[in-house]
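What the coordinates show
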Amino acid sequence: MQVPSNMFINRIQRPSLYISCAMLLWGLISTLSGNTYNFTGMVLVRFFLGFVEAAFLPGALLIQSKWYTRKELTTRNAILFCGNIISNAFSALVGAGVLSNMQGVLGHAAWRWLFWIEGGITMAIAITAGFVLPDLPHNSRGFTAEELEVAQLRMIEDVGEADIDGANQGVFDGLIMAVKDIKIYLMMLTFTAYVVGLSFNAFFPTLTGTLGFDYVPTLLMSSPPWVFSCIVSLLNAWHADRTQEKFWHITGPIIGGIIGFIISMSTLNVAARYVALFLQASAYAGFIVFYSWISSSFPRPPAKRAVAIALINAFSQLGNVAGSYVWNLKENGYRKSYGIVTAMFGLTIFGCLAFRSILANLNHKLEEGERAWETQPDVTAHTAEMEHMDSPDEALRMQKGFRYLV
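Because the structure is a prediction, the values reported are computed rather than measured. (Residues numbered from 1 in each chain as written. Predicted model: local features only at pLDDT ≥ 70, side-chain atom pairs only at ≥ 80, totals over all residues. Heavy atoms only, no water.)

This next bit is on the overall build of the protein. When helices and strands are counted, the protein shows 19 helices and 0 strands. In summary, the protein has a C-alpha radius of gyration of 23 Å against a globular reference of 22 Å for 406 residues, a match within 12%. Along the first, second and third principal axes, the C-alpha atoms of the protein reach 80 × 50 × 35 Å. The buried share of the protein, taken over its 406 residues, is 50%. The contacts of the protein with a sequence gap of at least 6 include a subset with a gap of at least 24, amounting to 76%. Here the protein has roughly 18900 Å² of accessible surface; of this, 67% comes from carbon and sulfur atoms. (Helix = DSSP H or I, 4+ residues; strand = E, 2+ residues; numbered from the N terminus. Rg over C-alpha atoms; globule rule 2.2 N^0.38 Å. Buried < 20%, exposed > 50% of the residue type's maximum accessible area, 1.4 Å probe, protein only. Contact = heavy atoms within 4.5 Å. Areas by Shrake-Rupley, 256 points an atom, 1.4 Å probe, with all protein chains shown as cover.)

Applying the stated criterion across every chain yields a total of 6 salt bridges. As a salt-bridge pair, Arg14 and Asp135 come within 2.7 Å of each other at their nearest N and O atoms. You can see Arg14 sitting in the loop between α1 (2-9) and α2 (15-32) and its partner Asp135 sitting in the loop between α6 (110-132) and α7 (145-159), a full 121 residues away along the chain. Classification of Arg14 by relative accessible area gives partly exposed; the value is 35%. Using a relative accessible area of 0% as the deciding quantity, one classes Asp135 as buried. Here Arg403 and Glu367 are joined by a salt bridge, their closest N and O atoms 3.8 Å apart. Pair noted here: Arg403 is in the segment after α19 (380-388) and Glu367 is in helix α18 (residues 331-375), with a separation of 36 residues, a long-range link. Sharing partners across several salt bridges, the network here consists of Arg14, Asp135 and Arg141. (Salt bridge = Lys/Arg side-chain N within 4 Å of Asp/Glu carboxyl O.)

What follows deals with a nonpolar patch on the surface. Together, Phe90, Leu93, Leu99, Trp111, Tyr215, Val216 and Leu220 give the surface a local cluster of nonpolar side chains, amounting to about 610 Å² of exposed area. Elements with a minimum of two residues in the nonpolar patch: α5 (73-101) and α11 (215-221). Inspection of the secondary structure puts Leu99 in helix α5. Exposure remark for Leu99: the relative accessible area of 30% places this residue in the partly exposed category. (Patch = residues over 30% accessible without salt bridge, like charges linked within 9 Å, V, L, I, M, F, W, Y side chains within 5 Å.)

Turning to the nonpolar core, a few remarks are in order. The tendency in soluble globular proteins is for nonpolar side chains to be buried as a group. Counting residues in hydrophobic clusters, the biggest one holds 73 residues, and the most contacted among them are Tyr194, Phe287 and Tyr338. Ranked by residue count, the leading element in this core is α18, at 9 residues. Here Tyr194 is in contact with Ile250, Ile254, Ala283, Gly286, Phe287, Phe290, Phe345 and Thr348, once residues within four sequence places are set aside. (Core = buried A, V, L, I, M, F, W, Y, C linked by side-chain atoms within 4.5 Å.)

Here helix α4 (residues 56-67) crosses α7 at 95°, and the two axes come no closer than 8 Å. It follows that α4 is roughly perpendicular to α7 by the angle criterion. Listed contacts from α7 to Ser65, Lys66 and Trp67 of α4 are Leu148, Ala151, Arg154 and Met155. Grouping the constituent residues of the contact of α4 with α7 by class yields 4 nonpolar, 1 polar and 2 charged. (Axes fitted to C-alpha atoms, helices over the stretch in contact; angles between N-to-C directions. Parallel < 35°, antiparallel > 145°, perpendicular 65-115°, else oblique. Nonpolar A, V, L, I, M, F, W, Y, C, P; charged D, E, K, R; others polar.)

Attention now goes to the packing of aromatic side chains. All chains considered together, the criterion is met by 32 aromatic pairs. Relative to Trp116, the ring of Trp113 has its centre 5.2 Å away and its plane inclined at 85°; by these criteria the two rings are edge-to-face. Highlighted residues: Trp113 and Trp116, both in helix α6, separated by 3 residues, approximately one helical turn. Across the pair, exposure class does not vary: Trp113 and Trp116 are buried alike. (Phe/Tyr/Trp six-rings, centres within 6.5 Å; stacked < 30°, edge-to-face > 60°.)

Quick look at the structure:
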C-alpha cells in the first residue's frame, strides 16, 4: 500500500486532502476497535487500520522533502517524529488514566473507552488538518506568489534541478528507476535490521514492568524515557543538519541503545535498568536521521524519491513482525531478546558503513567528472556520455558542486 500511495501522492496537486482523509479513516477504524467482541473482529479491524495508516508516514516524508532542502530536512523530520515519540509517552499516561478510572462507565469496559477516546481525538485532528496542511511549493494556499516562487527556487538551488518530474515521464518510471538502484536494496536491509532493534518500543511497558512495580506505576514510568528520547532526537537532528553529516548521527544513538541493552542484560539493579530504558529509547534519534538520509540520497526525480521512501519503509516493517517473536523470549528478564536486538543494531551499523562507502565513491566520481570538465574541455562530451549519462545514478547529472551527504 505504501508504494502505490506515494506514487499517487507524487502525482496529485492536493496531497493535504489525501493525507487528511487517510487520517480521518484510520481514526474511524481505530474507534471501531472498541466495538469488537472477538479475536476475528479485532484482527480484521487491525488489518484495515494498518492498510489505511500506510499512506501517512511515507506520504508526510515525501511532502516534507518537497518543501525543505537537504540542510533543513532532518530537523523537520525530527519534529514530525517527535509526535510519534511523545505519543509513546502520553499514550501510557492516557492509558493509565482511562484504565484506572473508566471501567464500567456507561456499562462499558475501560479498554473500549480507550479506543473510542483516542480514535475520536484522531478524527478531530484529521478534520483540522484538511484546512491547515500545505500542499506543494507551487500551489499551496496561504502563500503569496512571491513566497511560492522562493520556495521553488530554494529546492532548485539545493541540487541544481527543479523538484519536478519530466513531462514525458510515465506513471511507473519512478518505480522502474528505484528497483534498478542497488542503494535502495542495501537501505531496505539495513533499515529492517534497525526496526528489529527498535522493536522493544511495542513492548516498552512490559519491559518497564520487569522493574517490579505495579501496573499503573509501570505505565507512568514508561513515559519519561520517551520524553528524553524526543529531546535527544531534536538535538541530534539539529546538529546533523548543521554539520551536514549522517553516518555518525545515526550510529551514535545506536551505540547508546546498545549500551542500554547491555546494561539490561548485565544487572538486576532497578536504577541501572531504568537508566538503560532511557538509553534504549534514545536510539530513535538515529532512526529519524536515517529517514532524511533516504530522501537526500535519492534527490531527483521526485517520482523515484517517492518510491524509494515508501519501498524502504514498507520493507522495514517486516522488522516489526520479527520483533513480535524476538520479545517472546521472556527467560532471564528477556536476556535472549536483548542479545538479538543488540546483534541487529550491530548489523545496522555495518549496513550504514557500507552505504556511506557507496556514497563516498559516488562523490569521488562527481569530483573526477568536475575536474575533467575544468581541465580537459575537449573530453567534456565523452565524460558526459561514458561516465555520467550511462550511470543509473541520476545525481551524477546534478549541478557542479552537488555531493551526497554521508
